[in-house]
Each structure stands twice: as structure tokens, then as C-alpha cells.
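What follows is each chain in one-letter form.
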Amino acid sequence: MLDYLEGVLVHAEPDFAIIDIGGWGLKLNISMFTYNKIKTELGNKLKLYTQMVLRDDAVELFGFFDVVERQAYVLLNKVSGIGPKAAISILSLMDVARLKTSILSEDVKDLVKIPGIGKKTAQKIIIELKDRIKALPVTSDEGMYNSIIEAREALISLGFNPMEIQLVLDEDSVKNNDSVEDIIKCALKKLSK
């Protein structure tokens, strides 16, 4: 089993990355969180933690910026009805700290904001992962996440695509003391480019 890959990042898009390892270009499915962390590393050597998914018709590699994100991915995959693509989609729209906070606080409303996740699936995620996700070594700043959630909802109501919103609302662009209005103003500037 592959634990990680280390090589030169030759291409990155919001949903996949290609890493050159000794002349082999390996394509890994990635989350928006990982993309935001590696997008400036084109041409540089980097390490991504991996998870291989074997299916009857394909072998897919998923890449993660850190071990904790991979652990969250594995946990999500264990929930019945959540496949590899749905798990990576969840981690694209919600980082691990926010996912943990949503599950521990039983926040169904936050989980159903993810495309493809209905109320029953969100409840199933909470029930099946509430005890297991406690072990993930992440903490979250709920105040900051509440501001980001409010800003995301406002931007969605303005008609912006959730994936575009996630790109501009990454952790690095939002500061702990930013108000919802500051976050929205900053996001609108980036989205209008």
C-alpha cells in the first residue's frame, strides 16, 4: 500500500494534481483544501499522503496535504452511502476542523450545504462518526468558522458557485478577527477578477 508520494508537482487543478516521480506522472484526486495548499508549488518537490481505491473497473489514487485529512477521508469512506468521490467532495467544501466541529455539534444544517448530501446522509455521517472523529488531532475556531459559513451563505445567495467560493474562502485568506462583511468584501474582489 502506498503511504505517500514525493515528487515534482507538474500540474494542479482544484480536483486533481499530477506529480512526476522519476519520469512517471501520477494523477491524484485531491480536495480543495489540498489544492489551496499546493497550488503555488508548481515545479517544486512536494509530498502528498495517499489513499488507493480499487474498484472493478479502475484504480484511483487520492492525495492529501496532511495525514489528518487522509484520516478524515478514510472515516468518511466507512460511512455507508459515502463513496470516494463524495468523501473528497465533503473535504473540498469543509476542512477537517470544520467537519469535526459539525459532526460533534450534530450540525445537520452545515453538512447538507454540501452538494449531494441530504438530511438522511448528514444524519448518518453524524451517527457513524461522532465517536470516531473525536480522535482526529484538530481543533477549530468556531467563531471564525461561523463567520466563514455566514459569508459562504451570503455569496451562494448572490449566485456564486460553491466551488468558486471555496477557492476564495481558503484558510489563508481569512483572519481570525475578520468580520462577515470583511470576508464577503474580500471574496467579492477575488470573485470579480
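All values reported here derive from a predicted model rather than from experimental measurement.

Here is what the cut-offs are and how they apply
Each residue is numbered by its place in its chain's sequence as written, counting from 1. With pLDDT at 70 or above as the cut-off, local features in this predicted model cover only qualifying residues; side-chain atom pairs require 80 or more to be listed or tallied, and sums for whole chains, interfaces and linings still use all residues. Excluded from the side-chain calculation are hydrogens and water; included are all heavy atoms of the structure. For cavity detection a 1 Å grid was placed over the protein atoms alone, and a set of points counts as a cavity when a 1.4 Å probe fits there but cannot get out; an open set counts as a pocket when protein lies on both sides within 12 Å along at least five of seven lines, with lining residues being those that have an atom within 4 Å of a point. Grid points are joined across faces, edges and corners, and a volume is the space filled by probe spheres set on the points. Gly falls in the polar group here, along with every residue not listed as nonpolar (Ala, Val, Leu, Ile, Met, Phe, Trp, Tyr, Cys, Pro) or charged (Asp, Glu, Lys, Arg). The term salt bridge refers to a pairing of a side-chain nitrogen on Lys or Arg with a carboxyl oxygen on Asp or Glu at a separation within 4 Å. Working definition: helices are DSSP H or I runs of at least four residues, strands are E runs of at least two. Numbering for both runs from the N terminus. Put simply, two rings from Phe, Tyr or Trp (the six-membered ring, in Trp's case) pair if the centres are within 6.5 Å, and we call them stacked under 30 degrees between planes, edge-to-face over 60, tilted for the rest. The classification of residues rests on relative accessible area computed with a 1.4 Å probe and restricted to protein chains. Under 20% of the type maximum is buried, over 50% is exposed, and intermediate values are partly exposed. Whether a charge sits over a ring comes down to the Lys NZ or Arg CZ being within 6 Å of the ring centre and within 35 degrees of the ring normal.

Moving on: empty space enclosed by the protein. Going through the model one piece at a time under the given rule, you end up with 2 cavities of 30 Å³ or more. Taken as a whole, the second largest cavity spans an internal volume of roughly 80 Å³. What lines the second largest cavity is simply Leu93, Met94, Arg98, Asp110, Lys113, Ile114, Pro115, Arg152, Ile156 and Pro162. In the lining of the second largest cavity, the residues fall into 6 nonpolar, no polar and 4 charged.

Attention shifts here to the pattern of salt bridges. Pairing between side chains of opposite charge can happen when their charged atoms approach one another. Counted according to the given criterion, the structure contains 7 salt bridges. Across the pair Arg70 and Asp3 runs a salt bridge, and its minimum N-O distance is 2.9 Å. Within this pair, whereas Arg70 is found in helix α2 (residues 67–77), its partner Asp3 is found in the segment before β1 (4–13), the two being separated by 67 residues in sequence.

Glancing now at the packing of aromatic side chains. Under the defined criterion, the tally for this structure stands at 4 aromatic pairs. The interplanar angle of 65 degrees and the centroid separation of 6.3 Å between the aromatic rings of Tyr4 and Tyr49 together place this pair among those described as edge-to-face. Taken together, the residues Tyr4 in strand β1 and Tyr49 in strand β4 (residues 45–54) connect sequence positions 45 residues apart. Taking relative accessible area as the criterion, Tyr4 reaches 38% and is therefore assigned partly exposed. A relative accessible area of 18% places Tyr49 in the buried class. Look at Phe64 and Tyr73: their rings are 4.9 Å apart centre to centre, the planes differ by 45 degrees, and that puts the pair in the tilted class. Comparing Phe64 with Tyr73 shows no difference in burial state: the two are buried. Within the aromatic cluster, the residues linked to one another by ring pairs are Phe62, Phe64 and Tyr73. Directly above the aromatic system of Phe16 lies the positively charged group of Lys27, at a separation of 4.5 Å from the ring centroid.

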